[in-house]
Every structure is written in C-alpha cells, then in structure tokens.
Amino acid sequence: MKKKVFSNTYLREADKYQIKFYLDEDDYYVSVKKLVHLTDNFYINNGKVLGMAAGFYVMEIISKNDNYALRMFINDKKEIVEYYFDIIKSCGIDEESKIPYFYDLYLDVVMTPNGKPYVVDEDELEEALNNKDITKEEYDLAISTKDKLLEEINHGTNKLLNMDYQKYLEDF
C-alpha cells in the first residue's frame, strides 16, 4: 500500500508550481497547486483529451471521516475539468513534515462535471489482494467505500463535490 503525501504533485511533468495548504477545516484537509511550468504535456482523460498547462490547478481534499480523497483538475478559468477520487485506508498529518497524507487502496472513481462516474484500477486492487499487499479486510473496505461513494455521487449528496472549492482559489 502506497503512502501519498499532499506535497507530491501527481504531475511528474510539473517542475514548478505554487502550493497552499488549508489544514484547519473540521472535516478535511485541502491543498491547491497552481501549475507554473510543465516540462512536457500532461493529459487527463475525461471523455476528451485535455492538456494541463501553466495556470491550471490541482486541488486535493482528504476527507478526515470517510475513506476517500478527491483530486480536482481545474483549468485556468477556475472551472473543474475532472474529479478523481482515491479510495483510501486512512489519513493523517505526517509528524515530521506536518503535511497531510493518505494510504491509497488502489481503487479509484473518476468523473467529469457533466459525466457519470466510472471505476478504475479494479485490476490493481485485485492484484494487491492476490500479492498480499493488502488484507481481505482492506479489500472489503475499498469495495464498500467505492459503493457508498458511487451512491453519494449518483444522489448528489457527496459533501466534497458540494463544497465551495472557489474559496480556496481566491488567493492565487
């Protein structure tokens, strides 16, 4: 199981970016990265291919009370292009760096603002279980979290999708 830290860009192509952390929210941790320079094109697949570029944002939100984290890709007009949920085991603040992290359970849910959600990396989850990288309990947690998340998305009740993300972009 991989530990993922907010300060990582998830964009190997981004060699310069600005980052801000918001750690005082009650229910979640937030980071916003504004891309300043990319060494190569970065593409996300949201039904069409869109290149991320300087001036775009990557916002990450880790729910403190649920087993998922949300990454939003946002264009230079501050419009969401794609939502990417990581199903996670747990999260916290790293004692040394004081930066939020989570333990990724491989399974992901992806969607565009106008699209239907779809599940990715189910094969990675199965492989992790078969290789004993995760336990059967962690596997079951990933599946039940995915099911609950899809239900929230389909009913419009997911708190992270319904939050005011614009307030975190005002300082950029």
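Thresholds, definitions, all that
Residues numbered from 1 in each chain as written. Predicted model: local features only at pLDDT ≥ 70, side-chain atom pairs only at ≥ 80, totals over all residues. Heavy atoms only, no water. Patch = residues over 30% accessible without salt bridge, like charges linked within 9 Å, V, L, I, M, F, W, Y side chains within 5 Å. Areas by Shrake-Rupley, 256 points an atom, 1.4 Å probe, with all protein chains shown as cover. Salt bridge = Lys/Arg side-chain N within 4 Å of Asp/Glu carboxyl O. Helix = DSSP H or I, 4+ residues; strand = E, 2+ residues; numbered from the N terminus. Lys, Arg positive; Asp, Glu negative; His and termini not counted. Charge placed at Lys NZ, Arg CZ, Asp CG, Glu CD. Buried < 20%, exposed > 50% of the residue type's maximum accessible area, 1.4 Å probe, protein only. Core = buried A, V, L, I, M, F, W, Y, C linked by side-chain atoms within 4.5 Å. Contact = heavy atoms within 4.5 Å. Phe/Tyr/Trp six-rings, centres within 6.5 Å; stacked < 30°, edge-to-face > 60°. Lys NZ or Arg CZ within 6 Å of the ring centre and 35° of its normal. Polar contact = N/O pair within 3.5 Å; in protein donor to acceptor, adjacent residues only side chain to side chain.

Draft legend 1. A nonpolar patch on the surface, seen in detail. On the surface, a cluster of nonpolar side chains totalling about 200 Å² of accessible area is made up of Phe21, Leu23 and Ile93. Structurally, the position occupied by Ile93 is in strand S8 (residues 80-93).

Draft legend 2. Summary view of a negative patch on the surface. A contiguous patch of negative charge, built from Glu122, Asp123, Glu124, Glu126, Glu127 and Asp133, is present on the exposed surface. Along the chain, Asp133 falls in the loop between helix H1 (122-130) and helix H2 (136-155). The exposure class assigned to Asp133 is partly exposed, which follows from its relative accessible area of 41%.

Draft legend 3. Structural view of the nonpolar core. Val30, Val32, Met59, Ile61, Met72, Ile74 and Tyr168 are the most contacted members of the largest nonpolar core, which has 34 residues in total. Contributing elements (two or more residues each) for this core: strand S3 (28-38), strand S6 (57-63), strand S7 (68-74), S8, strand S9 (100-111), H1 and H2. Discounting chain neighbours no more than four positions away, the residues touching Ile74 are Phe56, Tyr57, Met59, Glu79, Ile80, Val81, Tyr165 and Leu169.

Draft legend 4. Spotlight on the pattern of salt bridges. A full pass over the atoms with the stated rule returns 11 salt bridges. Of the charged contacts, one joins Lys3 and Asp94 as a salt bridge, the two residues approaching to 3.1 Å between their closest N and O atoms. Note that Lys3 is positioned in strand S1 (residues 2-5) and Asp94 in the loop between S8 and S9, a separation of 91 residues in sequence. Judged by relative accessible area, which is 35%, Lys3 ranks as partly exposed. For Arg71, the salt bridge identified is with Asp86, shortest N-O distance 2.6 Å. Placement of the pair is Arg71 in strand S7 and Asp86 in strand S8, with a sequence separation of 15 residues.

Draft legend 5. Quick peek at the environment of Lys132. With respect to the element layout, Lys132 can be found in the loop between H1 and H2. Taking the relative accessible area as the measure of exposure, Lys132 reaches 71% and is therefore exposed. The spatial distance from the C-alpha of Lys132 to the C-alpha of Ala69 is 23 Å, given a sequence separation of 63 residues.

Draft legend 6. Expanded view of the packing of aromatic side chains. For the coordinates displayed, the defined rule picks out four aromatic pairs. For the ring pair Tyr68 and Phe85, a centre distance of 5.6 Å and an interplane angle of 80 degrees mean the geometry is edge-to-face. Note that Tyr68 is positioned in strand S7 and Phe85 in strand S8, a separation of 17 residues in sequence. Arranged with centres 5.6 Å apart and planes meeting at 75 degrees, the rings of Tyr101 and Tyr103 form a pair that is edge-to-face. Just above the ring of Tyr101 sits the side chain of Lys3; from NZ or CZ to the centre is 4.3 Å.

Draft legend 7. Inspection of the side chain of Asp94 at higher detail. In this structure the side chain of Asp94 is engaged in a polar contact, spanning 2.9 Å, whose partner is the backbone nitrogen of Ser97. Leave out the neighbours within four places in its chain, and Asp94 touches Lys3, Ile99 and Tyr101.

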